[in-house]
Amino acid sequence: MRLRPYISERDYSYVERWLGDERVHALWCAGLIPYPLTRESLDAALKKDASEWGGCAYVATQDHGVPVGFFVYSVNEAENSGFLKFVVLDHELRGRGYGTRMLGLALKYAFEITGVSKVSIRVFDVNAAAKGCYEKLGFGEAGVEERAFVFGEEVWGRCHMEVVKSP
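Source: prediction; values computed, not measured. (Residues numbered from 1 in each chain as written. Predicted model: local features only at pLDDT ≥ 70, side-chain atom pairs only at ≥ 80, totals over all residues. Heavy atoms only, no water.)

## Comments concerning the environment of Met102
For step 1, the next point in the chain: If you trace the backbone, Met102 turns up in helix α4 (residues 98–113).
For step 2, the next point in the chain: Overall, the relative accessible area of 1% leaves Met102 in the buried class.
For step 3, the next point in the chain: When the C-alpha positions of Met102 and His160 are compared, they lie 20 Å apart, and in sequence the two are 58 residues distant. (Helix = DSSP H or I, 4+ residues; strand = E, 2+ residues; numbered from the N terminus. Buried < 20%, exposed > 50% of the residue type's maximum accessible area, 1.4 Å probe, protein only.)

## Concerning the pattern of salt bridges
For step 1, the next point in the chain: Following the criterion strictly, the structure yields nine salt bridges and no others.
For step 2, the next point in the chain: One salt bridge connects Glu154 with Arg23, and the closest N-O pair in it is separated by 2.8 Å. Pair noted here: Glu154 is in strand β7 (residues 154–164) and Arg23 is in helix α2 (residues 22–29), with a separation of 131 residues, a long-range link.
For step 3, the next point in the chain: By relative accessible area, Glu154 is classed as partly exposed at 27%.
For step 4, the next point in the chain: The exposure class of Arg23 is partly exposed, given its relative accessible area of 30%.
For step 5, the next point in the chain: Of the charged contacts in the structure, one is a salt bridge between Glu145 and Arg158, with a shortest N-O distance of 3.3 Å. (Salt bridge = Lys/Arg side-chain N within 4 Å of Asp/Glu carboxyl O.)

## Quick word on the state of the cysteines
A disulfide bridge is the covalent bond that connects two cysteines by way of their sulfur atoms.
For step 1, the next point in the chain: Applying the stated rule across the entire model yields zero disulfides.
For step 2, the next point in the chain: No disulfide involves Cys29; its nearest neighbouring cysteine sulfur is the one of Cys159, lying 18 Å away.
For step 3, the next point in the chain: Assessed through its relative accessible area of 2%, Cys29 is described here as buried.
For step 4, the next point in the chain: In this model Cys159 remains outside any disulfide bridge; the closest cysteine sulfur is found in Cys133, 14 Å from its own.
For step 5, the next point in the chain: For Cys159, a relative accessible area of 2% translates into the label buried. (Disulfide = S-S within 2.5 Å.)

## Considerations on the packing of aromatic side chains
For step 1, the next point in the chain: Applying the stated criterion across every chain yields a total of 12 aromatic pairs.
For step 2, the next point in the chain: On the numbers, 5.5 Å between centres and 25° between planes, the contact of Tyr58 with Phe71 is stacked. Note that Tyr58 is positioned in strand β2 (residues 56–61) and Phe71 in strand β3 (residues 67–76), a separation of 13 residues in sequence.
For step 3, the next point in the chain: On the basis of relative accessible area, Tyr58 is assigned to the buried category, the value being 14%.
For step 4, the next point in the chain: Here Phe71 falls in the buried class, since its relative accessible area comes to 3%.
For step 5, the next point in the chain: Sitting above the plane of the Tyr98 ring, Arg101 keeps its charged end 5.6 Å from the centroid. (Phe/Tyr/Trp six-rings, centres within 6.5 Å; stacked < 30°, edge-to-face > 60°. Lys NZ or Arg CZ within 6 Å of the ring centre and 35° of its normal.)

## Observations regarding helix α5 (residues 128–136)
An α-helix turns once per 3.6 residues; consequently, residues spaced three or four apart project the same way.
For step 1, the next point in the chain: Taken together, the buried positions of α5 are Ala130, Lys131, Cys133 and Tyr134. Down the axis, α5 shows its buried residues gathered within 155° of arc, on one side only. Seen from the buried face of α5, the exposed residues on the opposite side, beyond 90 degrees, are Ala128, Ala129 and Lys136.
For step 2, the next point in the chain: Gly138 sits one or two residues past α5 and shows a positive phi near 100°. (Arc of directions from axis to C-beta.)

## Brief notes about the nonpolar core
For step 1, the next point in the chain: One finds Leu84, Leu103, Leu107, Val119, Tyr134 and Phe139 to be the most contacted residues of the largest nonpolar core, which totals 28 residues.
For step 2, the next point in the chain: Among the elements of the structure, β2, β3, β4 (81–89), α4, β5 (118–124), α5 and β7 are those that each provide at least two residues to this core.
For step 3, the next point in the chain: Element by element, the count of residues in this core is highest for α4, at seven residues.
For step 4, the next point in the chain: When near neighbours in sequence (up to four residues on either side) are disregarded, Leu103 contacts Leu84, Val87, Cys133, Tyr134 and Leu137.
For step 5, the next point in the chain: Tyr12, Leu42, Ala45 and Phe86 belong to the second-largest nonpolar core, a separate cluster that totals 18 residues. (Core = buried A, V, L, I, M, F, W, Y, C linked by side-chain atoms within 4.5 Å. Contact = heavy atoms within 4.5 Å.)

Okay, here's the thing in structure tokens:
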């Protein structure tokens, strides 16, 4: 598996396919990007995130170049911390270790290249699979925002998780 910068013209169709379901889309972006996803709405959200937070979008690819996952990573220099967001994996590959491998590479990049001392991520409490993946990578719960998001008749809490660089 490899990481490379997200290229809208090459990669958007993969991300769109992975987010075809409205609930999955809500779990992914918490309503920050309208459903259904369009290239224009994703590009605008990524541009805004880059401008406001310094976020950069990445894709994880199999060794032969086919994208299997997507995420955005930003650095807060003042706090010497990183933040992962908009994490999504090809739904056909979930439960097979791809997410753990992708985020393991993201953490390696965060700690070794950007030099941060901790990385944070947020996940809805109803997304047990994603939370389990993050826990495998050493993320621990740093706080919970109860009743943070409403999707239809569901009310979701948002878990703030973080992992600190090993000494």
